[in-house]
Amino acid sequence: MSTETQSTSDLLLSRIRDVPDYPKPGVMFKDITPLLADPEAFTILTDTLAGLCAVAGATKIVGLEARGFILAAPVAVRAGLGFIPVRKAGKLPGATLSQAYELEYGTAEIEVHAEDLAAGDRVMVIDDVLATGGTAEASIELIRRAGAEVAGVAVLMELGFLPGRARLESALGGAPLTALITV
Ligand SMILES: O=P(O)(O)OC[C@H]1O[C@H](OP(=O)(O)OP(=O)(O)O)[C@H](O)[C@@H]1O
Ligand SMILES: Nc1ncnc2[nH]cnc12
């Protein structure tokens, strides 16, 4: 890792707050709100993610509800690309594609407007945290079912003690997975 990359990671990490036992006992919640409140750190984050989109040759940005929206929307503006929301089921008014996925306990479902993605699109997925990888993997599935190509997945933070990376790399089949911070 270059010195510049390391100092970017260090700055971003310094703006993330650990909240023990939230939302349930045993979970160390990574709270990004201090980073969002710091315009210098938020700008560096946005610019870094936009740079990854350019390198990957992305033509559209998918953000994952809800915290992923906060990062992906300014990245899309910075990169000059369209922002496509992937929402939790039941929130999008038009015709959707849906994808169910496993949570630690139970299942969840995400959706995208079918008309927002098509063959020829190269889509970068942006989110705040990669944990088990279930949410990002489901978004990859949605993008491919829409006929589009996945340019990569970029997250602010990866929880390295969980198997999210292995799961996603297998789903990505060679497209890059980039985490700016690994904890
Ligand atoms: O890798 P995974 O195990 O799928 O977990 C990562 C996801 O969990 C969080 O979303 P969550 O839906 O919990 O909350 P949010 O609505 O606040 O973004 C986070 O923003 C990621 O999208
Ligand atoms: N520990 C964690 N902190 C913040 N967001 C998460 N999403 C899944 N696990 C998380």
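All residue numbers refer to position in the chain's written sequence, counted from 1. Labels follow written order: the first chain is A, the first ligand is 1, and so on. Reporting of local features is limited, given that this is a predicted model, to residues whose pLDDT is at least 70; pairs of side-chain atoms are given and counted only at 80 or more, and all residues count toward the totals for whole chains, interfaces and linings. Heavy atoms from the whole structure form the basis of all side-chain values; hydrogens and water molecules are not counted.

1. Quick look at the overall build of the protein chain
Each helix is a run of H or I in the DSSP string that is no shorter than four residues. Each strand is a run of E no shorter than two, and both are numbered from the N terminus. When helices and strands are tallied, the protein chain shows six helices and nine strands. Relative to the globule expectation of 16 Å for 183 residues, the C-alpha radius of gyration of the protein chain, 16 Å, shows essentially globular dimensions. Taken along the three principal axes of its C-alpha coordinates, the protein chain extends 40 × 40 × 30 Å. Under the scheme applied here, a residue whose accessible area is under 20% of the maximum for its type counts as buried, over 50% as exposed, and between as partly exposed, the area being computed with a 1.4 Å probe on protein chains only. Every one of the 183 residues in the protein chain was classed for burial, and the buried ones make up 46%. For the protein chain, long-range pairs separated by at least 24 residues make up 62% of all intrachain contacts whose partners lie at least 6 apart in sequence. Accessible areas in this description were obtained via Shrake-Rupley with a 1.4 Å probe; residue shielding takes into account the shown protein chains only. With the model as given, the accessible surface of the protein chain reaches about 8,800 Å², and the carbon-plus-sulfur share is 55%. Note on charges: Lys and Arg go in the positive column, Asp and Glu in the negative column, and His and the chain ends are not counted at all. A charged residue contributes its charge at one atom only: NZ of Lys, CZ of Arg, CG of Asp or CD of Glu. Across the protein chain, the mean location of the 15 positive side-chain charges is 2 Å away from that of the 23 negative side-chain charges. As a reference, a globule follows 2.2 Å times the number of residues to the power 0.38, and the radius of gyration itself is taken over C-alpha atoms. Residue contacts are defined here by distance: any two heavy atoms, one from each residue, within 4.5 Å place the two residues in contact.

2. Description of the pairing of strand β5 (residues 96-102)
The two faces of β5 differ: Leu-97, Gln-99 and Tyr-101 on one face are buried, but Thr-96, Ser-98, Ala-100 and Glu-102 on the other face are not. Should DSSP find at least two bridges between two strands, the strands are regarded as paired. Where β5 meets strand β6 (residues 107-113), seven bridges bridge the pair, whose relative direction is antiparallel. Across the sheet, residue Tyr-101 finds its bridge partner in β6, namely Ala-108. From the end of β5 to the start of β6, which pair antiparallel, there are four residues, and Gly-106 there has a positive phi angle of about 95 degrees.

3. Some remarks on the site of ligand 2
Around ligand 2, a shell composed of Met-28, Phe-29, Lys-30, Arg-67, Val-129, Ala-131 and Leu-159 is seen. For the purposes of these results, a polar contact is taken to be a pair of N or O atoms within 3.5 Å, where, inside protein, one atom must be able to donate a hydrogen and its partner to accept one; residues adjacent in sequence count only when each atom of the pair is a side-chain atom. At 3.0 Å from a nitrogen atom of ligand 2 is found a main-chain nitrogen or oxygen belonging to Met-28. The protein chains hide 76% of the 260 Å² of surface that ligand 2 would expose on its own. Element by element, the count of residues in the shell around ligand 2 is highest for strand β2 (residues 28-31), at three residues. For the shell around ligand 2, the per-class residue count stands at five nonpolar, no polar and two charged. Near, as used in this document, describes a residue that has one of its heavy atoms within 4 Å of the molecule or strand being considered. Basically, the charged four are Asp, Glu, Lys and Arg, the nonpolar ten are Ala, Val, Leu, Ile, Met, Phe, Trp, Tyr, Cys and Pro, and anything else, Gly included, counts as polar.

4. Topic: the packing of helix α5 (residues 134-145) against helix α6 (residues 164-172)
Packing of α5 against α6 leaves a shortest axis separation of 9 Å and a crossing angle of 10 degrees. Put simply, α5 runs roughly parallel to α6. Contacts from Gly-134, Ala-136, Glu-137, Ile-140 and Arg-144 in α5 reach Arg-167, Leu-168, Ala-171 and Leu-172 in α6. A class-by-class count of the residues in the contact of α5 with α6 yields five nonpolar, one polar and three charged. For helices, the fitted line uses only the C-alpha atoms of the stretch in contact; every axis is such a line through C-alpha atoms, and the angle between N-to-C directions lies from 0 to 180 degrees. The labels follow the angle: roughly parallel below 35 degrees, roughly antiparallel above 145, roughly perpendicular from 65 to 115, and oblique for the rest.

5. Examining the packing of helix α3 (residues 39-55) against helix α4 (residues 67-79)
Between α3 and α4, the shortest axis-to-axis distance is 8 Å and the interhelical angle comes to 65 degrees. Judged by the sense of rotation from one axis to the other, the crossing of α3 with α4 is right-handed. Seen from α3, the contacting residues are Phe-42, Leu-45, Thr-46, Asp-47, Leu-49, Ala-50 and Cys-53; seen from α4, they are Ile-70, Leu-71, Pro-74, Val-75, Arg-78 and Ala-79. Here the contact of α3 with α4 is composed, by residue class, of ten nonpolar, one polar and two charged. Handedness of a crossing follows from how the near helix is turned relative to the far one, being left-handed for an anticlockwise turn of less than a right angle and right-handed for a clockwise one.

6. Brief notes about the UniProt feature "domain: Phosphoribosyltransferase" (unreviewed entry) in the protein chain
As recorded in UniProt, the feature "domain: Phosphoribosyltransferase" (unreviewed entry) lies at residues 59-158. Across residues 59-158 one finds 25% helix and 45% strand; the C-alpha atoms that close the span lie 24 Å apart. UniProt positions are given in the numbering used here, feature names are shortened, and annotations may be inferred rather than shown by experiment.

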